[in-house]
Every structure is written in C-alpha cells, then in structure tokens.
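Commentary on secondary and tertiary structure
Listed below, chain by chain, are the residues.
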Amino acid sequence: MKNSNSISREGYLHENYHYFHLRDTAGQERSFHFHDFDKIVLLLSGKVDYTVENTVYPLQPWSLLLVRHHAIHRALIDVSAPYERIILYLDPGFFERVFPSAGLMDCFRMADRTGRCLLLPDEGQRKELSAFLTSFEKALRDERPGSDTMCDTLIAQLLITVNRISAADAPAADRAVDEKIGRTLSYINENLAADLSIDTLADRVFLSRYHFMRLFKEQTGSTVHQYVRQKRLLYAARLIREGVPAVRAAGDAGFNDYSVFHRAFRTSFGISPTDLK
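All of these numbers come straight from a predicted model, not from anything done at the bench.

**A few points about the pattern of salt bridges**
Overall, the coordinates contain 8 salt bridges when judged by the stated rule. The shortest N-O distance in the salt bridge between Arg23 and Glu84 comes to 3.1 Å. With Arg23 in strand S2 (residues 17-24) and Glu84 in strand S9 (residues 83-90), the pair connects residues that are 61 residues apart, well separated along the chain. Here Glu179 ties to Arg183 by a salt bridge, and the two come within 3.1 Å at their closest N and O atoms. Residue Glu179 and its partner Arg183 are located together in helix H5 (residues 179-190), separated by 4 residues, close to a single helical turn.

**Description of empty space enclosed by the protein**
For the coordinates displayed, the defined rule picks out 2 cavities of 30 Å³ or more. Volume-wise, the largest cavity comes out at about 50 Å³. Residue lining of the largest cavity: Ile40, Leu42, Leu64, Ile86, Leu88, Leu129, Phe132, Leu133 and Leu158, and that is the complete set. Secondary-structure elements contributing two or more residues to the lining of the largest cavity are strand S4 (38-45), S9 and helix H3 (123-141). Here the element with the most residues in the lining of the largest cavity is H3; it accounts for 3 residues.

**A closer look at the nonpolar core**
Counting 49 residues, the largest nonpolar core has Ile40, Leu65, Leu90, Phe95 and Ile155 as the members making the most contacts within it. Counting residues per element, this core draws most heavily on helix H4 (residues 147-167), at 8 residues. For Phe95, the residues in contact, after removing those within four places along its chain, are Asn16, Tyr17, Leu90, Pro100, Leu104, Met105, Ile155 and Leu159. Formed by 19 residues, the second largest nonpolar core is a distinct cluster that contains Leu196, Leu201, Val205 and Phe212.

**Here we look at the sheet that holds S2**
Strand order in this open sheet of 5 strands is S2-S9-S4-S7-S10, and the pairing throughout is antiparallel. The strands lining the two open edges of the sheet, one partner per strand, are S2 and strand S10 (118-119). Pairing of strand S7 (residues 64-67) with S10, which is carried by 2 bridges, proceeds in the antiparallel orientation. Note on S10: the bridge partner recorded for Leu64 is Leu119. Relative to S7, helix H2 (residues 106-114) is tilted by about 80 degrees, and along the sheet it contacts S4, S7 and S9.

**Notes on H5**
Counted at 1.5 Å a residue, the expected span for H5 with its 12 residues is 16 Å, and the 17 Å between its end C-alpha atoms agrees. Within the span of H5, buried status applies to Ile181, Gly182, Thr184, Leu185, Tyr187 and Ile188. Contacts from the buried residues of H5 go to helix H6 (198-204), helix H7 (209-220) and helix H8 (224-241).

**Re the packing of aromatic side chains**
Tallied over the entire structure, the rule returns 12 aromatic pairs. Ring centres of Phe20 and Tyr89 lie 5.0 Å apart, and the angle between their planes is 65 degrees; on these two criteria the pair is classed as edge-to-face. With Phe20 in strand S2 and Tyr89 in strand S9, the pair connects residues that are 69 residues apart, well separated along the chain. Look at Phe20 and you get partly exposed, because its relative accessible area is 24%. With a relative accessible area of 14%, Tyr89 lands in the buried category. Considering the side-chain rings of Phe255 and Phe261, the 5.1 Å spacing of their centres and the 55 degrees angle between planes classify their relative orientation as tilted. By the burial criterion, Phe255 is buried, and Phe261 matches it. Here the aromatic cluster, defined as three or more aromatic residues joined through ring pairs, consists of Tyr17, Tyr19, Phe94, Phe95, Phe132 and Phe136.

**Re the layout of surface pockets**
As a volume, the largest pocket reaches approximately 930 Å³. What lines the largest pocket is a set of 31 residues, among which Glu53, Asp112, Asn189, Tyr227 and Lys231 lie closest to the centre. Of all elements in the fold, only strand S6 (55-59), S7, H2, H5 and H8 reach the threshold of two or more residues within the lining of the largest pocket. Looking at the lining of the largest pocket residue by residue, the classes come out as 14 nonpolar, 9 polar and 8 charged.

**Details of unusual backbone geometry**
A positive phi angle is found at Trp62, which is not glycine, with a value near 75 degrees. If you trace the backbone, Trp62 turns up in the loop between S6 and S7.

**Remarks on the packing of H8 against helix H10 (residues 258-269)**
Put simply, H8 and H10 touch, their axes get as near as 10 Å, and they point 90 degrees apart. The orientation of H8 relative to H10 falls into the category roughly perpendicular. Residue-level inspection shows Arg229, Gln230, Leu233, Leu234, Ala236, Ala237 and Ile240 of H8 in contact with H10, the latter providing Phe261, Ala264, Phe265, Ser268 and Phe269. When its residues are assigned to classes, the contact of H8 with H10 shows 9 nonpolar, 2 polar and 1 charged.

Reading the values: rules and limits
- Residues numbered from 1 in each chain as written.
- Predicted model: local features only at pLDDT ≥ 70, side-chain atom pairs only at ≥ 80, totals over all residues.
- Heavy atoms only, no water.
- Salt bridge = Lys/Arg side-chain N within 4 Å of Asp/Glu carboxyl O.
- Helix = DSSP H or I, 4+ residues; strand = E, 2+ residues; numbered from the N terminus.
- 1 Å grid on protein atoms, 1.4 Å probe; cavity = no way out; pocket = protein on both sides within 12 Å on 5 of 7 lines; lining within 4 Å.
- Points joined across faces, edges and corners; volume = space filled by probe spheres on them.
- Core = buried A, V, L, I, M, F, W, Y, C linked by side-chain atoms within 4.5 Å.
- Buried < 20%, exposed > 50% of the residue type's maximum accessible area, 1.4 Å probe, protein only.
- Contact = heavy atoms within 4.5 Å.
- Pairing = 2+ DSSP bridges.
- Axes fitted to C-alpha atoms, helices over the stretch in contact; angles between N-to-C directions.
- Expected span 1.5 Å × (residues − 1).
- Phe/Tyr/Trp six-rings, centres within 6.5 Å; stacked < 30°, edge-to-face > 60°.
- Nonpolar A, V, L, I, M, F, W, Y, C, P; charged D, E, K, R; others polar.
- Parallel < 35°, antiparallel > 145°, perpendicular 65-115°, else oblique.

Set out below in structure tokens:
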C-alpha cells in the first residue's frame, strides 16, 4: 500500500464513461489521490468514510457521493462488513458536447462550489436509482445493435436524476471539518500564486505554526507543503491543457523556479509539461 500521506493520480478513462459494480468481502484504506475525470460513488452496502478535500463523509446505503475531477479524496473502508458499490467514471467533456444544454455535469459544479458532495436520496429517488441500475446492467449485457446508444441514454437519464436530487437540496450527512482549515483551503485554492507558506497561512487563521500544521494534517491527510504543491501542479496542468505556455503556467500557479516545477510535474504526472501540451 502506498504511504497514506502521499497524493497520487489514480485511474485513467479512455472511454466516455466507465461503470463498475463491485462487491468485496474485505476493504482497505486507500491513499489520497485524484482523477482527471468526474466520479460518482453509490454505496449499496457496507461501511465506508470518504474524505473529499477537507471534509469527511460517512456513507450510508443508497447515498451518492460526487467527486469532481482533480478533487483530492480517499476512502476508508471498514473491513468487517461486505462492501458493495457502484462507481461511475465520467468524461465531462463528452456529456457537455453531446447534451450541451442539459447541464448534466452541473451537480459536480454545485458540489465543488458548495462543498456538499454527499446526496441522500429519498425513498422515491432510491427506487428510480434501483430501476436505472437494473436497466443499465441489462443493456450492458445486450449485444444487439443499438445497445451502446441505449447505454449512453441511460447514463444521461441517471445524471438527470442525480441533478434533480442535488437541486432538491437533499440534506447532507454530518461532516467532520474544522472551520479554520476550511477557510485555509478556500484561500489556497483562490490564491495559488500568492505566498502560501505555513507561517502566512497559520497567521491568517490565528493559530500557532505547530497547531496549524497538526490540524491541517489531521483534517486533510496531507502536509501543508504537499497540499499546496499538488494544487499548484493541478492548476498549472489545466492552464497548459488550455494552451498556456508551460513557463507562464508555472509562474501563474505559484512556481518561481521552472526547473523545480518541471521536476515536480514529472514526478506527479509521469510526463513533462510539454508532453502534456
């Protein structure tokens, strides 16, 4: 198992979406990681706590967790209970191209903006989700012409349902989050090119350096340096994909030394900034 203090990129999506229906008799503690795609987790049975950025979400059967691309997260699984779940990887660009006015990925944007990643469907919504799962898994087994289109349509229907659940403002589960660390994370994400040293961040929330470092690690599973560096790398990667020259992207993301940025980028993503472009 990787060091739980590290943050890694996991999983690749070479399709428009990928559906998993998984059943385990044992679980494991996952390292903090992120994806380049959006992800839905639907718990069917078991005991698992998901940490997304600075928030811990205790999942319960039929709860939906929305994890937007590049969000740092981890699952902590209780090995004493069988763990059954649906996991759906989604390429947001595909759905926005095919259904440009449907707003199918709006639920992820709302989760990212509000920090409410966990949805708790009511009984009627659970029945809708159950019917979807039955229909979709049947379509996956269907080898007749048109089955791929049927699957695409059903995934779109699922996203419509998830967006309606999100828009209904279903009550979220209790969250174990420290308000000062939450403010710090927001500040980091909005000021990546600024001075984000430990002393500066600790002073902003009126904590001692030692207490701030301990609390940050406790809440996020990462050191301040690891978190800031990974967020800066993710932002630089996004700028490069949008066509910004790598040197400028590094500076805009808060890296003053391009050679340091280049090494960190290659270590984190496995490719150089120019290869990504």
